Amino acid sequence: MPDDRLVIAIDGPSGSGKSTTARAVARRLGLSYLDTGAMYRAVAVAFLDAGVSPDDTAAVIEATTSADIELSLDPDERWVRVNGRDVTAEIREPRTAQNVSAVSTIPECRADMVRRQRALMDADPRGCVAEGRDITTVVYPDADLRILLTASPEARLRRRAGDMAGKLTEDQLRDQVLRRDRDDSKLVDFQTAADGVQLLDTSDMTLAEVVDAITDLAEESRP
């Protein structure tokens, strides 16, 4: 690997701004971008396509470990394929979001996802900006820069409402954001900054301000 390769890992709860921020930082620094949440959503689509019940743990594990997941690592492109089918739009649908926890709360599924995510983060010789829920502690604890983005529940709900563009009711929105955080926190602590992880509260920050702050930290962290 090149000596100046740079890996940035960004953790945080739903609606904290991880995806938008990570993509913008990757674009500015000329790095690849990994949306780990899209991988979990792709697996949710895979087991739903197969007619698997989210309560059938063994079948969900099988669907996860056998799924062929491809996704763009270009911050200027957004596409995801599962088992050869384009699911870019489908992974953002409420039905998919409501079933993601069936994958993310099963240790065997998380282990399979972590293996895949590490491989993708190592694929680009320039480096990568990856975002998710346990990137800084489990997936890539040796990243050059590790950041925990956080925001108030109100700010997170407001941002996710904007992302979903009226597709969810208020109750569905709260379920998707707050309930999924609660479910996933049973397995990983993605809301407390571990040693060496920079905490950045984005509640009252614009996207440009967040990107500037992370870019400054990245330049200080370059090998």
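Residues numbered from 1 in each chain as written. Predicted model: local features only at pLDDT ≥ 70, side-chain atom pairs only at ≥ 80, totals over all residues. Heavy atoms only, no water.

Bringing the sheet that holds strand E1 (residues 6-11) into the picture now. Taken in spatial order, the five strands line up as E2-E6-E1-E7-E8 in an open sheet, and their pairing is parallel. One side of each edge strand has no neighbouring strand; the edge strands of this open sheet are strand E2 (32-35) and strand E8 (198-201). When the angles between neighbouring strand axes are averaged without regard to direction, this sheet yields 20 degrees. Across four bridges, the pairing between E1 and strand E7 (residues 145-150) is parallel. Residue pairing in the sheet places Ala 9 in a bridge with Arg 146 of E7. (Pairing = 2+ DSSP bridges. Helix = DSSP H or I, 4+ residues; strand = E, 2+ residues; numbered from the N terminus. Axes fitted to C-alpha atoms, helices over the stretch in contact; angles between N-to-C directions.)

For helix H2 (residues 36-49), with 14 residues, the first-to-last C-alpha span of 20 Å sits near the 20 Å given by 1.5 Å per residue. Most of H2 sits out of view: 13 of its 14 residues are buried. If you check the start of H2, you find a side-chain oxygen 3.1 Å away from the backbone N of Gly 37, and it comes from Asp 35. (Expected span 1.5 Å × (residues − 1). Buried < 20%, exposed > 50% of the residue type's maximum accessible area, 1.4 Å probe, protein only. Polar contact = N/O pair within 3.5 Å; in protein donor to acceptor, adjacent residues only side chain to side chain.)

Our focus in this paragraph is the confidence of the model for the protein chain. Confidence along the protein chain averages 86 in pLDDT terms, with 83% of residues attaining 70 or more. Considering each helix and strand of the protein chain separately, the mean pLDDT is smallest for helix H9 (residues 170-184), with a value of 65, and largest for E2, with 97. (pLDDT = per-residue confidence, 0-100.)

All right, on to the sheet that holds strand E5 (residues 85-86) then. Taken in spatial order, the three strands of this open sheet run E3-E4-E5, and their pairing is antiparallel. Looking along the sheet, the strands with just one partner apiece sit at the ends: strand E3 (69-71) and E5. Bridge count between strand E4 (residues 80-82) and E5: two bridges; the pairing is antiparallel. Bridging from a neighbouring strand, Arg 81 pairs with Asp 86 of E5.

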